[in-house]
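Structural overview for review
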Amino acid sequence: MTNAIHRPHWVPESGHRLRVIGVHFDAVRIEDGRGQLVARGLVDAAGGDAGPIVYEMTGGRWVYFLLRPGSVHRHDWPLGVHRFGMTHFRTTTFVGVPALEGNTWPLRWWSKPTRETPYVAPELLLDAIIDVQNVQEPSATTSPAPGRTR
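Quick look at the structure, then. (Residues numbered from 1 in each chain as written. Predicted model: local features only at pLDDT ≥ 70, side-chain atom pairs only at ≥ 80, totals over all residues. Heavy atoms only, no water.)

1. A short note on the packing of aromatic side chains
Note the following rule: Aromatic rings from Phe, Tyr and Trp, with only the six-membered ring used for Trp, were paired whenever their centres fell within 6.5 Å, and each pair was classed as stacked if the ring planes differed by under 30 degrees, edge-to-face if by over 60, and tilted otherwise. Lysine and arginine charges are scored as sitting over a ring when NZ or CZ, respectively, is within 6 Å of the ring centre and within 35 degrees of the ring normal.
According to the stated counting rule, one finds three aromatic pairs in the structure shown. Among the aromatic residues, those joined into a cluster by ring pairs are Trp-10, Phe-25 and Tyr-119. In this structure, Arg-29 packs its charged tip against the face of Trp-62, placed 3.9 Å from the ring centre.

Take a look at the structure:
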């Protein structure tokens, strides 16, 4: 009998654990409100299987999108998006990863890794970020409302 739950080796069996970014995965971090909008858009665009997205329920309430190791620095990310991957500096960065079930406070999965989507696709994530950005920051080429001037 096979288990339908897919648990990559870097996902703990219970609680939550810190994992080294750049070894197990790269990460993109976006602040709470914007991060939630991006996560919703990404999950919708991916048909519900967006790959691993972790939500921090306390503190900064960051949303972390976990990408395949070595992929984050291959893309140009918009302002306000924090990218973390293996660097040549002597800095090590960690991110908390919750178990797939049970008490994982203060972290929870927004979208879990699956066999089909073990990591978030950077291109889909960029599209979701740009979609949110376009809604939050209307284009400067938009005409002003009647009777208003720029």
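There's more to say after this.
2. Structural notes on the pattern of salt bridges
Stated precisely, the cut-off is as follows: Criterion for a salt bridge: a side-chain nitrogen of Lys or Arg within 4 Å of a carboxyl oxygen of Asp or Glu. Note on exposure labels: buried denotes an accessible area under 20% of the residue type's maximum, exposed denotes more than 50%, and partly exposed covers the range between, all computed with a 1.4 Å probe on protein chains only.
Counted according to the given criterion, the structure contains two salt bridges. For Glu-13, the salt bridge goes to Arg-7, with nearest N and O atoms at 3.4 Å. Given the relative accessible area of 67%, Glu-13 is considered exposed. With relative accessibility at 37%, the residue Arg-7 sits in the partly exposed group.

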